[in-house]
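Results of the structural survey
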Amino acid sequence: MTEISLAQQNFLSAQKRHKRTVTVSRLCVFIFFLGLWEISTRVGLIDSFIFSSPSKIFLCAYGMALDHTLFMNIGITLFETLVSFFLVILCALIVTIILWFNKHVSETLEPYLVVLNSLPKSALAPLLIVWLGANYNTIIITGMSVAIFGSILSLYSSFQSVDAEEVKLIYTLGGSKLHVLTKVVLPSSLPSLFSLMKVNIGLCLVGVIIGEFIAARAGLGYLIIYGSQVFKLDWVIMSIVILCIIAVILYQAIVAMEKLCLKHY
């Protein structure tokens, strides 16, 4: 077993201290923000009716947790987000592989993908309701529409940027295009795929909330739009806070998955 030199030990210790310092600093900033927010509402610097407060948000969440409506709404939004996310990744992979296999098809469809990616996705939601009705399918497709076209373009660019020498080696050894895909292109594109997943999980969450604003009768997006209409702003801010927590958890789950998968490549 290789011994670690004193300089390496000092470097590793410094890195650990740095990580601890950053973690503690983040926690302190968060606690300071919550404390400042709570104090400002109690002394009247800001209106607690409009901006709520950490204590009111906690009590609101606690009350909704007791009658299980909070977990129901979180579960619905989480389900819609995960379904749209997995469908985006699956569809993007399939379409990108098809484009990579057929250059004529990719050159034909590229401008249309660019145009579709540039469309304001919130404008599509009312059309989707007319076409599909106000149901889960509409919300999931709205979530997908935010990320799908950009994912295809990004993933295709990653496929195109693989090492040409490695591709040439596969062909030299008698391999087919399928061998190039499985042995070179897909493994080389794994970091890009995980980067795309980190972005897409947030985009799908945003798309689902847009869909819930218009087509839902449950979910965190519904709580936000309904709470703003009846001036229950505690519901609105509580839902926004929960969405932030969900986004962080999902992002960290993908980071953990990335570390686990990239160990094997």
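Further remarks concern the overall build of the chain. A tally of regular secondary structure across the chain gives eleven helices and zero strands. Listing every helix and strand of the chain by position from the N terminus yields α-α-α-α-α-α-α-α-α-α-α. Taking the principal axes of its C-alpha atoms as reference, the chain extends roughly 75 × 65 × 30 Å. Residue burial in the chain is summarised as follows: out of 265 residues, 35% are buried. Counting contacts in the chain only where the partners sit at least 6 residues apart, residues at least 24 apart contribute 70% of the total.

Bringing the confidence of the model for the chain into the picture now. On average, residues of the chain score 87 in pLDDT, and 98% of them are at 70 or above. The secondary-structure element of the chain with the lowest mean pLDDT is helix 6 (residues 124-132), recorded at 77, while helix 4 (residues 69-101) shows the highest, at 93.

Time to look at the nonpolar core. L70, L220 and M238 are the most contacted members of the largest nonpolar core, which totals 52 residues. At the level of secondary structure, the elements contributing two or more residues to this core comprise helix 3 (54-66), helix 4, helix 7 (136-160), helix 8 (164-172), helix 9 (177-215), helix 10 (220-229) and helix 11 (233-262). Top contributing element to this core by residue count: helix 9, with 13 residues.

As a further point, take the packing of helix 4 against helix 10. Across the interface, helix 4 lies against helix 10 with an axial gap of 7 Å and an inter-helix angle of 120 degrees. For the element pair helix 4 / helix 10, the angle class is oblique. Residues N73, I74 and T77 of helix 4 lie in contact with helix 10, whose contacting residues are L220, G221 and L223. A class-by-class count of the residues in the contact of helix 4 with helix 10 yields three nonpolar, three polar and no charged.

Turning our eyes to something else, we now look at the pattern of salt bridges. Applying the stated rule across the entire model yields two salt bridges. Note that E38 is salt-bridged to R42, the shortest N-O span being 2.7 Å. Taken as a pair, E38 and R42 lie in helix 1 (residues 6-43) at a separation of four residues, close to a single helical turn. For E38, a relative accessible area of 13% corresponds to the buried category. Taking the shortest distance from any N to any O, the salt bridge between E258 and K198 comes out at 2.7 Å. Taken together, the residues E258 in helix 11 and K198 in helix 9 connect sequence positions 60 residues apart.

Here is what the cut-offs are and how they apply
- Residues numbered from 1 in each chain as written.
- Predicted model: local features only at pLDDT ≥ 70, side-chain atom pairs only at ≥ 80, totals over all residues.
- Heavy atoms only, no water.
- Helix = DSSP H or I, 4+ residues; strand = E, 2+ residues; numbered from the N terminus.
- Buried < 20%, exposed > 50% of the residue type's maximum accessible area, 1.4 Å probe, protein only.
- Contact = heavy atoms within 4.5 Å.
- pLDDT = per-residue confidence, 0-100.
- Core = buried A, V, L, I, M, F, W, Y, C linked by side-chain atoms within 4.5 Å.
- Axes fitted to C-alpha atoms, helices over the stretch in contact; angles between N-to-C directions.
- Parallel < 35°, antiparallel > 145°, perpendicular 65-115°, else oblique.
- Nonpolar A, V, L, I, M, F, W, Y, C, P; charged D, E, K, R; others polar.
- Salt bridge = Lys/Arg side-chain N within 4 Å of Asp/Glu carboxyl O.

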